[in-house]
There are 2 protein chains.
Amino acid sequence: MKDVIAETIDAILSEVNAISLPGPGYTRPSYSPLESEAHRVIERRAGALGLTVSRDAGMNLFARLPGRDRTAPALFVGSHLDTVPMGGAYDGAAGVAGAMALAAAFVERGETPPVDLVVTVTRAEESTWFPVSYIGSRAALARLKPEEFEARRSDTGRTLAEHMRDEGGDPEAVLRGPGLAPAQFVEIHIEQGPILDTAGEPFALVEAIRGGVRYRNAQIHGVWAHSGGAPREGRADAVFAFADLVTAMDRIWGGELSSGRDLAVTFGRVDAASGEHAFAKVPGELGFCVDMRSNDDAELDRALSLFHEACETVARARGVHFDLGALSRSRPAVLSEGLIGRIAEGAARLGMGPRLMVSGGGHDTAAFRQAGWEAMMVFIRNWDGSHNPREGMNPADLAEAVRALAASWGDPQGRA
Amino acid sequence: MKDVIAETIDAILSEVNAISLPGPGYTRPSYSPLESEAHRVIERRAGALGLTVSRDAGMNLFARLPGRDRTAPALFVGSHLDTVPMGGAYDGAAGVAGAMALAAAFVERGETPPVDLVVTVTRAEESTWFPVSYIGSRAALARLKPEEFEARRSDTGRTLAEHMRDEGGDPEAVLRGPGLAPAQFVEIHIEQGPILDTAGEPFALVEAIRGGVRYRNAQIHGVWAHSGGAPREGRADAVFAFADLVTAMDRIWGGELSSGRDLAVTFGRVDAASGEHAFAKVPGELGFCVDMRSNDDAELDRALSLFHEACETVARARGVHFDLGALSRSRPAVLSEGLIGRIAEGAARLGMGPRLMVSGGGHDTAAFRQAGWEAMMVFIRNWDGSHNPREGMNPADLAEAVRALAASWGDPQGRA
């Protein structure tokens, strides 16, 4: 028997990833012509499967396979097709390929799902482009705020509203809503961490998604001086100040984990590399970003407050001044036990026992959950992390997860 | 009486600083057409004073006022006219202006100095452009090594040999030598530190120059990962590793000073700001430079060894790999007591009592001293450090130092 799941996964990954800015890795900016072109790949293939394709005002794509009960809340399955700059082949694309494979499996065996199955391709999930979380899904849910449309894309400096219009969207219609009524959403996604790979497990069910607080454009202002002539005592060295801050946050992070709290701290970008920086100068300026994540919103408040205290301590000790810039925040989400249980049962019927785990990365699923949907995620084992050109995934692991989903909603034997 | 010293200083500073790449600050790269144009300012003004102008194969400029004893070792006085990128108005230029003012004072009062007075304008003193120390003075002394001509300028990527030829120089002739015979060199320079400004003293006599060791292009290789998905334990975060290294060197630096050793440690450039760096990624790469200075060559060895140990410790603890790149080094120099004593006496005759101090920055004087010259420096009070657009100096302080030099070699009344 032809393995339509594996074939669909391979075909979609290869077609989508042929669309990218020059490498290394894959780059499809949010609301770019490249992202739109990747959406058209899904439109063509979904059309060929006989699904009904539509787009909302935010240019999210929905490809619908009618279910037996057309009035029951539909099952949306999917992910996104934008990438971070120089990202990998699977973050986003794997979930869309998995959703299409699930639909193809139903079509292949001529089976009607119990409710409408909607392959879902969101827009602008990677917030490195616009400093706004979950843009596409929140557009679909009519939960974007007017001021968020003024956020500027990091590469072009143009607003979200402008880029959305360029790709055929209608910001005013997004704001008017009403947005999708609550239904069910399952997002398939690579893990982006080493836990499944280390454990040797092909996929997992996600029970919570970490939220995050981040300063994307923080600055330390010190005092420029000559590297040989300025005595140690009088220096206001922005790099030593930054090192103190990182070291303090490292201690705090370790302490929070030891106390059983969930936290991750990352300084993803450090810039003391302008034309004015040189080996013979005490650096007077340093830019950085910081990202703190937790599955507990109260812990985010706590981490933020400890971070602010650390900045104050460093500022006093080093004679520097911090300008943290704007704070952005995404809230943690506890996912739906009902959906998780249904998929655990479907998987069990095929002899699989996926673990429950927490997602460190933020995902559209959080936005659906916060809008009152039943929502959960399926994580696929991967290696070399994600958001980099080297991220790895075995398509057979994704196929196994898709078979578990097929078993959960379709043929109890999961024959697809 | 017209103050020829003050007038000469003002005129030369303003003419030289009119020559620069666009601001902020002043930029005249080593062996650039701009540096050559600044040299031509001195050529014109020296010619107008009746001095004899010559250039050596390295395109250093010498403007000679004959002395009473033409066979005695001449007194070379001067500094350089190149700047760091976006440097200040005085680092280098003040010393050249002071030397021209000294010559103008002799000419103005019709007095012949005891030995030839040679206004000296060296090339390429700022080693941010080529990773080689004291290029111009070592060219004049025939102490450059063949391989140093292959060093590439940081902005153009072209070699020292190419740039020297572009400005009219002859690398082969520099290598053939024989170079200048040992004589006397006095370099006038801004302090580049806050000591004189804090003490309220206009100038000082420098008794030693710190040497330095530096890695200009060091790299930390970690592992890229997702900022939310990668557990703390498995991370190889290049930024946390760098912070550990800076913190370790901060401790070491403090310890060395407490033990009475002379050391300064600066990380002047940190680059984790490529297109691949983003807030949602654990950074897998970081570039930095480190500069360690001391007036004691043995302390430089010790600091280097402590630095290497710190790198190893960090590499083990953080799972990262260091690639330090090429090491460059300049040796500390103890300056000439005879010259220092002579100027101290000249100053004392005018009622001045300049302090003795150490230079944190490296200077051409070190190269002359190492070539067996009698050599010393005069430091001028300045503020806001140097190597930045804000460096400040009162020309009246420079004029006071020039009067002390005039008194040391000329009219015992220092009337100039």
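Residues numbered from 1 in each chain as written. Chains lettered and ligands numbered in written order. Predicted model: local features only at pLDDT ≥ 70, side-chain atom pairs only at ≥ 80, totals over all residues. Heavy atoms only, no water.

Enquirer: What should I look at first to understand the overall build of chain A in this one?
Expert: Looking only at helices and strands, chain A has 12 helices and 16 strands in total. In summary, chain A has a C-alpha radius of gyration of 23 Å against a globular reference of 22 Å for 416 residues, a match within 12%. With respect to the principal axes defined by its C-alpha atoms, chain A has extents near 80 × 45 × 35 Å. In chain A, which comprises 416 residues, the share counted as buried stands at 63%. (Helix = DSSP H or I, 4+ residues; strand = E, 2+ residues; numbered from the N terminus. Rg over C-alpha atoms; globule rule 2.2 N^0.38 Å. Buried < 20%, exposed > 50% of the residue type's maximum accessible area, 1.4 Å probe, protein only.)

Enquirer: Just to check I follow, could you spell out the packing of helix H1 (residues 4-17) of chain B against helix H3 (residues 93-108) of chain B for this structure?
Expert: What describes two packed helices is the angle between their axes and the distance between those same axes. All names here are of chain B. Orientation of H1 relative to H3, taken along the N-to-C sense of each, is 140°, at an axis distance of 8 Å. By the angle between their directions, the pair H1 and H3 is classed as oblique. Regarding H1 and H3, the two cross each other, and that crossing is right-handed. Across the interface between the two elements, Val-4, Ile-5, Thr-8, Ile-9, Ile-12, Leu-13 and Val-16 of H1 pack against Ala-93, Ala-94, Ala-97, Met-100, Ala-101, Ala-104, Ala-105 and Glu-108 of H3. (Axes fitted to C-alpha atoms, helices over the stretch in contact; angles between N-to-C directions. Parallel < 35°, antiparallel > 145°, perpendicular 65-115°, else oblique. Left-handed = near helix turned anticlockwise from the far one by under 90°. Contact = heavy atoms within 4.5 Å.)

Enquirer: Please clarify how the packing of aromatic side chains should be interpreted in this entry.
Expert: Geometrically, a pair of aromatic rings is defined through the distance of the ring centres and the angle of the planes. All names here are of chain A. Counted under the stated rule, the structure contains 20 aromatic pairs over all chains. Arranged with centres 6.0 Å apart and planes meeting at 90°, the rings of Phe-62 and Phe-76 form a pair that is edge-to-face. With Phe-62 in strand E2 (residues 61-65) and Phe-76 in strand E3 (residues 75-80), this residue pair connects regions lying 14 residues apart in the sequence. Take Phe-62: its relative accessible area is 7%, and that puts it in the buried class. When its relative accessible area of 4% is taken as the criterion, Phe-76 is described as buried. Ring geometry for Phe-76 against Trp-373: centres 4.9 Å apart, planes inclined by 70°, an arrangement best described as edge-to-face. Of this pair, Phe-76 sits in strand E3 while Trp-373 sits in the loop between helix H11 (364-370) and strand E16 (374-380), placing them 297 residues apart in sequence. Across the pair, exposure class does not vary: Phe-76 and Trp-373 are buried alike. These aromatic residues form a ring-pair network of at least three members: Phe-62, Phe-76, Phe-185, Phe-368 and Trp-373. One residue, Arg-109, lies across the ring of Phe-106, its end atom 5.0 Å from the ring centre. (Phe/Tyr/Trp six-rings, centres within 6.5 Å; stacked < 30°, edge-to-face > 60°. Lys NZ or Arg CZ within 6 Å of the ring centre and 35° of its normal.)

Enquirer: I would appreciate a short explanation of unusual backbone geometry in the present structure.
Expert: Excluding glycine, residues mostly have negative phi values, and the peptide bonds linking residues are mostly trans. Backbone torsion omega between A:Gly23 and A:Pro24 reads 10°, so that peptide bond is classified as cis. Tracing the backbone shows A:Pro24 in the loop between helix H1 (4-17) and helix H2 (33-49). The linkage connecting B:Gly177 with the following residue, B:Pro178, adopts the cis geometry, with an omega of 15°. Relative to the helices and strands, B:Pro178 is located in the loop between helix H6 (171-176) and strand E5 (184-190).

Enquirer: Please clarify how the interface of chain A and chain B should be interpreted in this entry.
Expert: One frequently used descriptor of interface size is the decrease in accessible area upon assembly of the parts. Between chain A and chain B, the contact holds 65 residues from the first and 65 residues from the second. Buried area between chain A and chain B, both sides added, is near 5400 Å², and the carbon and sulfur share of it is 62%. Per-residue buried area on chain A facing chain B is highest for A:His226, A:Arg232 and A:Phe279; these three make up 15% of the total on that side. For the pair chain A and chain B, the interface holds 6 salt bridges. Where A:Arg318 meets B:Asp250, a salt bridge forms, and the shortest distance between an N and an O atom there is 2.5 Å. Linking chain A with chain B are 27 residue pairs in polar contact (both at pLDDT 80 or more), by the criterion used here. (Buried area = accessible area lost by both parts, 1.4 Å probe. Salt bridge = Lys/Arg side-chain N within 4 Å of Asp/Glu carboxyl O. Polar contact = N/O pair within 3.5 Å; in protein donor to acceptor, adjacent residues only side chain to side chain.)

Enquirer: Please clarify how helix H9 (residues 297-318) of chain A should be interpreted in this entry.
Expert: For the α-helix, the turn length of 3.6 residues means that residues three or four positions removed from each other point alike. Residue and element names in this part refer to chain A. When the terminal C-alpha atoms of H9 are compared, their 31 Å separation across 22 residues agrees well with the 32 Å that a helix rising 1.5 Å per residue should span. With a side-chain oxygen lying 2.9 Å from the backbone nitrogen of Ala-298, the N-terminal cap of H9 falls on Asp-296. Gly-319 sits one or two positions beyond H9 and adopts a positive phi of about 70°. (Expected span 1.5 Å × (residues − 1).)

Enquirer: Help me understand the domain arrangement of chain A, please; the structure alone is not making it clear to me.
Expert: All names here are of chain A. Taken domain by domain, chain A holds domain 1 (4-208 + 333-409) and domain 2 (211-330). The C-alpha-based centres of domain 1 and domain 2 are spaced at 34 Å. With 11 residues of domain 1 at the interface, the matching set in domain 2 holds 7 residues. Across the domain 1 to domain 2 interface the summed buried area is about 540 Å²; carbon plus sulfur atoms make up 39%. Between domain 1 and domain 2 we count 0 salt bridges in total. Between the two partners, domain 1 and domain 2, sit 2 residue pairs in polar contact (both at pLDDT 80 or more). Residues that form the side of domain 1 that touches domain 2 fall into these classes: 5 nonpolar, 6 polar and no charged. (Domains from an automatic or database assignment. Nonpolar A, V, L, I, M, F, W, Y, C, P; charged D, E, K, R; others polar.)

Enquirer: Got a minute to help me understand the UniProt feature "binding site: Zn(2+) 1" (unreviewed entry) in chain A in this structure?
Expert: Residues and elements named next belong to chain A. Under the UniProt annotation, the feature "binding site: Zn(2+) 1" (unreviewed entry) is placed at His-80, Asp-91 and His-189. Look at the named residues: they lie 110 residues apart in sequence, but the longest C-alpha span between them is just 9.4 Å, so in the fold they bunch up. Summarising the element assignment, Asp-91 is placed in the loop between E3 and helix H3 (93-108). Excluding anything up to four places from it in sequence, Asp-91 contacts His-80, Asp-82, Glu-126, His-189, Ile-190, Gln-192, Ser-386, His-387 and Glu-391. Mapped onto the elements, His-189 comes out in strand E5 (residues 184-190). (UniProt positions renumbered as here; feature names shortened; annotations may be inferred.)

Enquirer: Explain the UniProt feature "binding site: Zn(2+) 2" (unreviewed entry) in chain A to me, please; I cannot follow it from the model alone.
Expert: Residues and elements named next belong to chain A. Taking the numbering used here, the UniProt-annotated feature "binding site: Zn(2+) 2" (unreviewed entry) corresponds to Asp-91, Glu-126 and His-387. Despite a sequence span of 297 residues, these residues sit close together in the fold, their greatest C-alpha distance being 9.7 Å. Relative to the helices and strands, Glu-126 resides in the loop between strand E4 (117-122) and helix H4 (135-140). Glu-126 sits in the buried class, given a relative accessible area of 5%.

Enquirer: Quick question: what am I supposed to make of the relation of the copies chain A and chain B here?
Expert: What relates the pair of chain copies is a rotation about an axis plus a shift along that axis. Once chain A has been moved 0.0 Å along the axis and rotated by 180°, it coincides with chain B to within an RMSD of 0.1 Å. The transformation just described matches what one would write down for a two-fold rotation axis. Within chain A, A:Ala243 has its C-alpha nearest the rotation axis, a separation of 2.1 Å. Most of the interface of chain A is mirrored in chain B: 100% of its interface residues are interface residues there too. (Least-squares fit on C-alpha atoms with pLDDT ≥ 70 in both.)

Enquirer: Whenever I open this one, the side chain of B:Thr122 confuses me. Can you help?
Expert: Mapped onto the secondary structure, B:Thr122 falls in strand E4 (residues 117-122). With residues up to four places along the chain from it excluded, the contact list for B:Thr122 reads B:Glu35, B:His39, B:Asn60, B:Ser79, B:His80, B:Leu81, B:Ser137 and B:Asp364.

Enquirer: Quick question: what am I supposed to make of the pattern of salt bridges here?
Expert: Per the stated rule, a full pass over the model turns up 56 salt bridges over all chains. Note that A:Arg123 and A:Glu35 form a salt bridge whose closest N and O atoms lie 2.9 Å from each other. In this pair, A:Arg123 is assigned in the loop between E4 and H4 and A:Glu35 in helix H2, connecting sequence segments 88 residues apart. Note that B:Arg210 and B:Asp262 form a salt bridge whose closest N and O atoms lie 2.7 Å from each other. Taken together, the positions of B:Arg210 in the loop between strand E6 (203-209) and strand E7 (211-221) and B:Asp262 in the loop between helix H8 (238-258) and strand E9 (264-272) put the pair 52 residues apart, joining distant regions of the chain. For the pair formed by B:Arg210 and B:Asp262, the shared burial category is buried. Where salt bridges share partners, they join A:Arg232, A:Asp244, A:Arg318 and B:Asp250 into one cluster.

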